[in-house]
Structure formats: structure tokens, C-alpha cells
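# Report on the structure
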Amino acid sequence: MPWIFASYHTPAFPVVKILGPVRYAWVPLFEYRVDVVFENDGHALKRTVPILDDAQHPDGVVYVGEGGLGVKQRVPDVERWYLKSPGMTASADHVQKVTVDAESFTYEAILEDGTVLDTWTKSPRADRGERVLAHREVARLELVERTPRASADSKLGDSGLR
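Here the structure is a predicted model, which means the values were calculated and not measured. (Residues numbered from 1 in each chain as written. Predicted model: local features only at pLDDT ≥ 70, side-chain atom pairs only at ≥ 80, totals over all residues. Heavy atoms only, no water.)

Glancing now at the overall build of the protein chain. If you tally the helices and strands in the protein chain, you get three helices and ten strands. Along the protein chain, helices (α) and strands (β) appear in the sequence β-α-α-β-β-β-β-β-β-β-β-β-α when read from the amino end. By the burial criterion, 42% of the 162 residues in the protein chain qualify as buried. When contacts within the protein chain are restricted to residue pairs at least 6 apart in sequence, long-range pairs at least 24 apart make up 63% of them. When the accessible area of the protein chain is evaluated, it comes to approximately 9100 Å², of which 58% is carbon and sulfur surface. (Helix = DSSP H or I, 4+ residues; strand = E, 2+ residues; numbered from the N terminus. Buried < 20%, exposed > 50% of the residue type's maximum accessible area, 1.4 Å probe, protein only. Contact = heavy atoms within 4.5 Å. Areas by Shrake-Rupley, 256 points an atom, 1.4 Å probe, with all protein chains shown as cover.)

Within the fold, glutamine 73 resides in the loop between β6 (62-65) and β7 (88-90). At a separation of 3.4 Å, a polar atom in the side chain of glutamine 73 contacts the main-chain amide nitrogen of alanine 92. In contact with glutamine 73, not counting residues within four places along its chain, are His43, Ala44, Leu45, Gly67, Gly68, Ser91, Ala92, Asp93 and His94. (Polar contact = N/O pair within 3.5 Å; in protein donor to acceptor, adjacent residues only side chain to side chain.)

This next bit is on the pattern of salt bridges. Counted according to the given criterion, the structure contains seven salt bridges. In this structure, the salt-bridge partner of glutamate 66 is lysine 46, at a minimum N-O distance of 2.9 Å. Taken together, the residues glutamate 66 in the loop between β6 and β7 and lysine 46 in strand β3 (residues 45-47) connect sequence positions 20 residues apart. The partner of lysine 84 in a salt bridge is glutamate 79, with the nearest N and O atoms 3.2 Å apart. Of the residues examined, lysine 84 reaches a relative accessible area of 35% and is grouped as partly exposed. According to the relative accessible area criterion, glutamate 79 is exposed, its value standing at 57%. Salt bridges linked by common partners bring Glu39, Lys46 and Glu66 together as one network. (Salt bridge = Lys/Arg side-chain N within 4 Å of Asp/Glu carboxyl O.)

Structural data, given as C-alpha cells:
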């Protein structure tokens, strides 16, 4: 199975609203295995930059959505870092078309008049998460070098920050 997707209502990387619990509860899991996330609720069009560890990263997850045909569109906050190029956002009535096969995933945002406003293609991750784990291991090792270990007589004991 070359593709893993997630879809839910409240966005982790919103275009209009404030951050919610999805970002902290689910995003770390998504970054391990998910290729693309479909979000809703914002009533605007978006495609984020690839995101890993709350930063733009080529091995990151792209979040698309946030709802768009038949509801009043909201004005997105275009200054949010995750919507900058190569990401995008717009206030536009649209549908999303997804074409999937073993070799590629193509996402299109199509306006009411049939114009394709956004298109994006992705190849499957060959490593299915191993690069993400390696990235996290490097970050963890860097943390160890900067974090003193709690002493044996400390109330915290072994803090696990190693």
C-alpha cells in the first residue's frame, strides 16, 4: 500500500481559526506515516508547505483543505508561515480532485467555472517513515547534549530527556 491519508474536521494548520488540539495530539503520528492530510472547517482553500516538527521540511506532511463549495468563503491569513510558497491559500469556492495510483498522487483545487487554481503532485515515500525517525533521532541527540541529566537524588529522578 503506497499511500496513507488522514481526514478530519478541525484543522491542525488552520487558515482562519486559531490552533487546536489536533496539532498536538495527532500531528506527531501523521509525521511518522501519513502522506497527505485533508482538513476542513476553515471555509477557505489551502495547501501547506511540507511540515515536519512544526517547520517546513522536504520530508514533511502536506495539509490540504479547508472546505469550499456551497458555504461562504472566509478570508485566509496569508501571513502564516505554512501557507507561504510552495504552499498556497485563497478565498474561493472550489472542489478538490484527487487522482491516485501506485506511482503518484495528484491534487487539484478546481473553481466553480472549471479553472484549476492549484495542482500538486507527490510520489510515494519509499521509506514509509524511516527518514522521519532518523530526523527525530538527530533532534533527540541534540537535545541530550544540551540537557543536563537529573541527579539521582532529584525529585524528578530520571527525566527521560536523554
